[in-house]
Amino acid sequence: MDTNHGEGFILEVVRDYDGEVSKTFAHYIKGNGVDFYKQEINEYKEYFLRNRIIFNYGMMPKNILLRKISKEKSQLVLIDGLGDVSHFTLPNKIPYFARRINRRWDKFVNKYL
């Protein structure tokens, strides 16, 4: 879609199971700590690895939402920071290069979590 700032995307609002707009992961880790969300963090990392998704250095807790699927279950949703800053993206398709995702993940964890 064209905007006054150039081309943009129309995205769906991320909502919790109860219809409330999901809050940022930063909001939740500030209140509960990172350890409380170890399962969600591990599932998130596995999702990136399984699907060979490269995220850029803009991925940070304020750019991730915690969507409550039910009272007991939540999942993380990236709303900004997706995509590779490299112009050569062919290696992203080869499983061997998953280490690139691991390196970025480790930097993310060390910097923000």
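Before any of the text, the structure's been laid out above.
Cut-offs used in this document
- Residues numbered from 1 in each chain as written.
- Predicted model: local features only at pLDDT ≥ 70, side-chain atom pairs only at ≥ 80, totals over all residues.
- Heavy atoms only, no water.
- Helix = DSSP H or I, 4+ residues; strand = E, 2+ residues; numbered from the N terminus.
- Buried < 20%, exposed > 50% of the residue type's maximum accessible area, 1.4 Å probe, protein only.
- Contact = heavy atoms within 4.5 Å.
- Areas by Shrake-Rupley, 256 points an atom, 1.4 Å probe, with all protein chains shown as cover.
- Core = buried A, V, L, I, M, F, W, Y, C linked by side-chain atoms within 4.5 Å.
- Salt bridge = Lys/Arg side-chain N within 4 Å of Asp/Glu carboxyl O.
- Pairing = 2+ DSSP bridges.
- Axes fitted to C-alpha atoms, helices over the stretch in contact; angles between N-to-C directions.
- Arc of directions from axis to C-beta.

Caption draft 1: Region of interest: the overall build of the chain. In terms of regular secondary structure, the chain is built from 3 helices and 5 strands. Seen in sequence order, the chain has helices and strands lined up from the N terminus as β-β-β-α-α-β-β-α. Expressed as a percentage of its 113 residues, the buried residues of the chain come to 32%. Put simply, 63% of the contacts in the chain that link residues at least 6 apart link residues at least 24 apart. Surface accessibility of the chain: about 8100 Å² in total, with carbon and sulfur atoms responsible for 53%.

Caption draft 2: The arrangement of the nonpolar core in detail. Judged by nonpolar contacts, the single largest core of 17 residues is most densely connected at Phe25, Met59 and Trp105. If you list the elements that add at least two residues to this core, you get α1 (25-32), α2 (38-51), β4 (64-68) and α3 (98-112). Of the residues forming this core, the biggest block, 4 residues, is contributed by α2. For Trp105, the contacting residues outside a window of four places in its chain are Ile41, Tyr44, Lys45, Phe48, Phe55 and Met59.

Caption draft 3: Highlighting the pattern of salt bridges. Per the stated rule, a full pass over the model turns up 2 salt bridges. The closest approach of N and O atoms between Asp35 and Lys38, which form a salt bridge, is 3.9 Å. On the basis of relative accessibility, which here comes to 49%, the residue Lys38 falls in the partly exposed class. Lys73 is the salt-bridge partner of Glu43, the closest N and O atoms lying 3.2 Å from each other. Separated by 30 residues along the polypeptide, Glu43 in helix α2 and Lys73 in the loop between β4 and β5 (74-78) bring together distant segments of the chain.

Caption draft 4: Structural context of the pairing of β5. Summarising the sheet, β4 and β5 pair through 5 bridges and their orientation is antiparallel. Note that in β5 the partner of Arg67 across the bridge is Gln75. Remark: 5 residues form the turn of the hairpin made by β4 and β5, two consecutive strands paired antiparallel.

Caption draft 5: Quick peek at the sheet that holds β5. One open sheet accounts for 3 strands, arranged β3-β4-β5; its pairing is antiparallel. Bordering the open sheet on either side are β3 (23-24) and β5, each of which pairs with just one other strand. Sitting on the sheet, α2 touches β4 and β5, and the angle it makes with β5 is about 50 degrees.

Caption draft 6: How the structure looks around α1. Taken together, the buried positions of α1 are occupied by Phe25, Tyr28 and Ile29. Across the axial projection of α1, the buried residues extend over an arc of 95 degrees, all falling on one side. Looking at α1, the residues exposed on the side facing more than 90 degrees away from the buried face are Lys30 and Gly31. Considering only its buried residues, α1 is in contact with β3, α2, β4 and β5.

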